[in-house]
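A look at the structure
Here is how the chains run, residue by residue.
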Amino acid sequence: MSTASVYEKYPAQDPSVLIPMLQDIQEILGYLPEDEMHKVANFTRLPVSRIYGVATFYNQFRLQPLGQHVIRVCRGTACHVKGSLDILTTLENELKIKAGETTKDLLFTLETVACIGACSIAPVISIDNEYYGHLTVKKVQKILASFKNDQTEE
Amino acid sequence: MRITINDKECWANPGETILAVAEREGLKIPTLCYLKGLSPTGSCRICVVEVESQRSLVPSCAFPVFEGMKVKTNSPQVRRARKTIIELLLANHPQECLQCVRNGNCELQSLAAEYGVRSLRYKGERRTQKLDVASPSIERDPEKCILCGRCVRICHEVQSVGAIDIAQRGFKSTVTPAFYNSLNTVPCVFCGQCIVNCPVGALKEKSHEKIVWDAINHPEKHVVVQVAPAVRVALGEEFGMEPGSVVTGKIVTALRRLGFNTVFDTDFSADLTIMEEATELLDRLNNGGKLPMLTSCSPGWIKYIEHFYPEQLSNLSSCKSPHEMQGALIKSFYAEKMKIDPSKIFVVSIMPCTAKKYEAQRPELGEDYQDVDAVLTTRELARMIKNAGIDFTKLPDDYFDDPLGESTGAGVIFGSSGGVMEAALRTAYFTLTGKEMDNIDFRPIRGLEGVKEADVPVKGIVLKVAAVNSLKNINYFLDQIKAGTSPYHFIEVMACPGGCINGGGQPLPSNPAKTEKRMQAIYKIDRELPKRCSHQNESVQKLYKEFLGHPNSHKAHELLHTHYVRRDVE
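Just so we're clear, the structure is a prediction, and the values are computed from it rather than from any experiment.

1. Thoughts on the overall build of chain A
Tallying secondary structure elements over chain A gives seven helices and four strands in all. The order of α-helices and β-strands along chain A, N terminus first, is α-α-α-α-β-α-α-β-β-β-α. Counting only C-alpha atoms, chain A reaches 55 × 35 × 20 Å along its principal axes. Here chain A holds 154 residues, and the buried ones make up 42% of them. Sequence separation of 24 or more characterises 58% of the internal contacts of chain A that already satisfy a separation of 6 or more. Working note: accessible area of chain A is about 8500 Å², and carbon and sulfur atoms make up 51% of it. Computed over 15 positive and 18 negative side-chain charges, the inter-centroid distance for chain A is 8 Å.

Written as structure tokens, this is what we have:
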């Protein structure tokens, strides 16, 4: 996928277009690769340190490609009370990554969200927009295993 | 408009900040993140004051005045808030003050003392962050950083380099080059303005003290030292002397006592630079060479143009910077004269500059040996003198050694922005007309302003010259050259604001008032010298007669000139 259209859409040497540009690039590529940030720096005439500063400041920007499956762990109040920290730790240990990271095989990305809005089934996670509620550590391991098995079968 | 500060009525201009008015009124408000003339960020909050009708304390560095405003700069509430801010800063600070390079000269330390922090009420989490020590000039210790952002603003707004910025947010915030790279791999020009504007010990020069001590203590090494012009008007500050004290003679004595075998003056090769550079300029003028010619003594500026305007490299004078010329001569002319094997000579430059450390290891600056082996900043020399137990202020004066120790006023003014230009004009005029100028003071190109210009009529032509300092200011001139519309013949460029007197290696902290005094001292030395033009330097003339032939000769080109390389911005 090419980002050429983004550079045609915006005026050059105009620092004010930085954030919309980064958003568009992420829309196309799913994340902001290093070389794109360098390209944006040249295009806007801003130092690349500034591009990097902006890209790392806002949570909406990701600097790593997204995994095939995106796991979001709800860390809202209800889920917290119901033990969502254990769920998160379990996922981190199983996947050997921290929240916000992607596994080396690019299979899973693990994220936390402030509240998914499904407190009645807390603790809850979503995987690829599918919701899993009333979770326990055991259930999470099972769900994860099923995803991994699917992968090996394919 | 009229406002009241601490029950005293005073006048203020609309748009001014409370801090600006308070400063004018002689009231002291502590600051950390504030840098005069640059965009206020109000991030550190140490300058908070009480303003009647405002719900909470306001940062005086960013808060504009309004008619009838009533301000209290030192109420109990203000003092309590400031103390808490300091305590919170200390809560995630490593507090390794005793081992820190800024011990005794740290703004955070001073504030903690002034506000009577005697215990630590808060225990914060510490960030573990990597040191960045890979560059030849500047070392970063992000754990000590208090995120005031002064380095970032200097780098972006004054130098237009933008090597570093604040990345991440909240507790993870940090000052870093993009992608957590080292300064070594980004277009940092090593000017060191981040160091002289850092309130704490998060930024410092790469120290050469140990290798210099080792060389001095080496039984077979012949250690030759040279001192840049701007060092002699600043080193005294490190020993409690007034800014602008001229300590040339004391430096020579101190260097002898430290154990250097020979003490030369970089002012000598500044004079030599003028002979070479003025000749080069006249050659370009007469033979249709590339104009305007840009000066080449500021290594931060050289790295800047190599990164950001590589198409304009042929406008640069091919002259090496003075201390590199001196180094080359020490290892050839001097070695020959003294019958010393050049491989046993160790050349140390005392410089007001951090970029010179990087420059000294550029591969093209030296044939069989590097021209210069180590570069000490003014600060490092001060540390060595203290280390050796020398009571600097009580030292008697001494004189530089011959034959690379004689200098004129033209050599010394290299230390101040506009000085190289003025020195070159004094000699260019003489070379063109065969007459000395009636008045050799070029006042329009003196001073701390970022851009100074003059039209100098010489023998039927009008030389259009400019002296530029702070790298952001040169972009306009470079864009002009790029577009082919530059009306100038000769442009002096210094990377640091005000020139070398305010270089990245000078005593801390930097401020315009100190720079002004150092500048006045530079021109005072010039004024009081019997010879004030480079071509009057007899040792330089003798050097040409005995060794180099004439300015821009083949031998001069081999030893005193260099070339530049295109560098990536990334």
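Once the structure has been displayed, the description carries forward.
2. Remarks on the interface of chain B and chain A
Every contact between the two is made by 16 residues of chain B and, on the other side, 14 residues of chain A. When chain B packs against chain A, close to 1400 Å² is buried across both sides, 56% of that on carbon and sulfur atoms. In this assembly, chain B and chain A are joined by one salt bridge. Put simply, Arg-50 of chain A and Asp-165 of chain B hold a salt bridge, and the shortest N to O gap is 2.6 Å. Our count for the chain B to chain A interface comes out at four residue pairs in polar contact (both at pLDDT 80 or more). Counting only elements with at least two residues in the side of chain B that touches chain A, the list comes to helix 4 (150–158) and strand 7 (165–167) of chain B. Broken down by element, the residue count for the side of chain B that touches chain A peaks at three residues, all from strand 7 of chain B. The residue inventory of the side of chain B that touches chain A, partitioned by class, reads 10 nonpolar, three polar and three charged.

3. A short note on the pairing of strand 10 (residues 222–227) of chain B
Residue and element names in this part refer to chain B. Of all the six residues making up strand 10, six are buried; the element is thus mostly covered by neighbouring parts of the structure. Burial of the side chains of strand 10 extends over both faces: His-222, Val-224 and Gln-226 are buried on one face and Val-223, Val-225 and Val-227 on the other. Across six bridges, the pairing between strand 10 and strand 13 (residues 345–351) is parallel. Across the sheet, residue Val-223 finds its bridge partner in strand 13, namely Phe-346. As paired elements, strand 10 and strand 11 (residues 262–265) share four bridges and run parallel to each other. Bridge pairing links Gln-226 to Phe-264 in strand 11. After leaving strand 10, the chain enters helix 7 (residues 248–258) and then returns to the sheet as strand 11, a path that is right-handed.

4. Some details on the sheet that holds strand 3 (residues 125–127) of chain A
All names here are of chain A. Taking strand neighbours across the sheet as the criterion, the four strands line up as 2-1-3-4 in an open arrangement whose pairing is mixed. Whereas interior strands pair on both sides, the edge strands pair on one side only; in this sheet they are strand 2 (108–113) and strand 4 (130–132). Between one strand axis and the next, the sheet turns through 25 degrees on average, direction left out of account. With three bridges connecting them, strand 3 and strand 4 associate as antiparallel partners.

5. Here's the deal with the domain arrangement of chain B
Residue and element names in this part refer to chain B. The assigned domain composition of chain B is domain 1 (2–87), domain 2 (138–206) and domain 3 (210–560). Measuring from the centre of the C-alpha atoms in domain 1 to the corresponding centre in domain 2 gives 27 Å. With eight residues of domain 1 at the contact, the number on the domain 2 side is 10 residues. Taking both partners together, domain 1 and domain 2 bury about 750 Å²; carbon and sulfur atoms supply 58% of that area. Remark: the boundary between domain 1 and domain 2 carries zero salt bridges. Between the two partners, domain 1 and domain 2, sit four residue pairs in polar contact (both at pLDDT 80 or more). Residues belonging to the side of domain 1 that touches domain 2 are distributed by class as follows: five nonpolar, three polar and no charged.

6. Considering the side chain of Glu-92 of chain A
Residues and elements named next belong to chain A. As for its position among the elements, Glu-92 is in helix 6 (residues 84–95). Assessed through its relative accessible area of 14%, Glu-92 is described here as buried. In this structure, Glu-92 is in contact with Ile-97, Lys-98, Ala-99 and Leu-110, ignoring residues within four places of it in sequence.

7. Points about helix 10 (residues 322–338) of chain B
The principal kink in helix 10 of chain B, of about 40 degrees, is found at Ile-330 of chain B. Just downstream of helix 10 of chain B lies Lys-339 of chain B, where phi reads positive at about 55 degrees.

Analysis parameters
- Residues numbered from 1 in each chain as written.
- Chains lettered and ligands numbered in written order.
- Predicted model: local features only at pLDDT ≥ 70, side-chain atom pairs only at ≥ 80, totals over all residues.
- Heavy atoms only, no water.
- Helix = DSSP H or I, 4+ residues; strand = E, 2+ residues; numbered from the N terminus.
- Buried < 20%, exposed > 50% of the residue type's maximum accessible area, 1.4 Å probe, protein only.
- Contact = heavy atoms within 4.5 Å.
- Areas by Shrake-Rupley, 256 points an atom, 1.4 Å probe, with all protein chains shown as cover.
- Lys, Arg positive; Asp, Glu negative; His and termini not counted.
- Charge placed at Lys NZ, Arg CZ, Asp CG, Glu CD.
- Buried area = accessible area lost by both parts, 1.4 Å probe.
- Salt bridge = Lys/Arg side-chain N within 4 Å of Asp/Glu carboxyl O.
- Polar contact = N/O pair within 3.5 Å; in protein donor to acceptor, adjacent residues only side chain to side chain.
- Nonpolar A, V, L, I, M, F, W, Y, C, P; charged D, E, K, R; others polar.
- Pairing = 2+ DSSP bridges.
- Right-handed = clockwise from strand over helix to strand, strands pointing away.
- Axes fitted to C-alpha atoms, helices over the stretch in contact; angles between N-to-C directions.
- Domains from an automatic or database assignment.
- Bend = angle between axes of the 7 residues up to and from the residue.

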